[in-house]
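# Survey of secondary and tertiary structure
Given next are the chains, with one letter for each unit.
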Amino acid sequence: MRKGLDSLFNQGIQIIDEVLWENPKNLSALFIRAELRFEMIEFIRSTSMLNDLVPMQVLGDPVKGPVRMADKVDYSLVLNDYNQILAIHPDLAAIWMNRGLIKVFARDFEGAIRDFRKAIELIPDYTAAWFNLGITLIKTDQKQEGCLSLSQAGELGLQRAYQSISLHCTSE
């Protein structure tokens with residue numbers, strides 16, 4: 001099954017690359033390629049995680065311990081596509097938001113925080129950006145500011161923000 005998906009993925013990327021060869025500033029093609037690359041990475045990562053449930057030899061370092069393949073995912077091509085879009089059109093809040101999410105997956109939390117803040121700067125009532133900013137701030141031990149961001153998302157209408165506040169922001 002994976003071999004067939006790899007072939008379809010590669011065909012899709014090849015078609016998009018041909019479109020971009022003709023017009024390197026085609027925002028739709030750049031976005032679709034970024035999303036296709038991300039989905040394929042996540043598919044590979046998820047199958048790798050399933051393999052981690054079965055005893056197998058893993059990569060590792062005698063000092064730091066084993067490293068799962070799922071933890072060694074490279075999102076640089078996806079980020080490169082988003083960077084190209086932002087170089088052409090830096091006022092697209094959704095692209096800043098999406099790039100921030102990819103940075104979370106890549107464990108670049110500070111970069112993600114900057115991107116979520118930029119999305120909010122462009123669209124101050126961007127609820128998803130407020131929510132993801134809050135969660136990421138909490139993840140980086142900036143709990144007070146993270147809880148305020150979650151509260152802002154809730155005030156803007158995102159009900160699940162209140163669930164996250166209950167989980168992360170209430171005193172114990």
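Residues numbered from 1 in each chain as written. Predicted model: local features only at pLDDT ≥ 70, side-chain atom pairs only at ≥ 80, totals over all residues. Heavy atoms only, no water.

### Looking at the packing of helix H4 (residues 93–105) against helix H5 (residues 109–122)
For the pair H4 and H5, the least separation of the axes is 8 Å and the interaxial angle reads 165°. Taken together, H4 and H5 sit at an angle that is classed as roughly antiparallel. Viewed along their axes, H4 and H5 form a crossing whose handedness is left-handed. Across the interface between the two elements, Ala93, Trp96, Met97, Arg99, Gly100, Leu101, Lys103 and Val104 of H4 pack against Phe109, Gly111, Ala112, Asp115, Phe116, Lys118, Ala119 and Leu122 of H5. Classifying every residue of the contact of H4 with H5 gives 10 nonpolar, 2 polar and 4 charged. (Axes fitted to C-alpha atoms, helices over the stretch in contact; angles between N-to-C directions. Helix = DSSP H or I, 4+ residues; strand = E, 2+ residues; numbered from the N terminus. Parallel < 35°, antiparallel > 145°, perpendicular 65-115°, else oblique. Left-handed = near helix turned anticlockwise from the far one by under 90°. Contact = heavy atoms within 4.5 Å. Nonpolar A, V, L, I, M, F, W, Y, C, P; charged D, E, K, R; others polar.)

### Concerning the nonpolar core
Core analysis: the biggest nonpolar cluster contains 35 residues, and Val78, Tyr82, Ile102, Ala119 and Leu133 have the highest contact counts within it. Elements represented by at least two residues in this core include exactly helix H1 (2–22), helix H2 (27–52), helix H3 (76–88), H4, H5, helix H6 (127–139), helix H7 (143–155) and helix H8 (160–168). Top element by residues in this core is H6. It accounts for 6 residues. Look past the residues within four positions of valine 78 in its chain and what remains in contact with it is Ala34, Arg37, Phe38, Ile41 and Ile102. (Core = buried A, V, L, I, M, F, W, Y, C linked by side-chain atoms within 4.5 Å. Buried < 20%, exposed > 50% of the residue type's maximum accessible area, 1.4 Å probe, protein only.)

### Considerations on the environment of cysteine 169
Following the sequence through the fold, cysteine 169 ends up in the segment after H8. Put simply, cysteine 169 and lysine 143 are 26 residues apart on the chain and 7.3 Å apart in space, counted from C-alpha to C-alpha. Those residues within four positions of cysteine 169 in sequence are excluded, and the remaining contacts are Ile138, Lys143, Cys147, Leu150 and Ser164.

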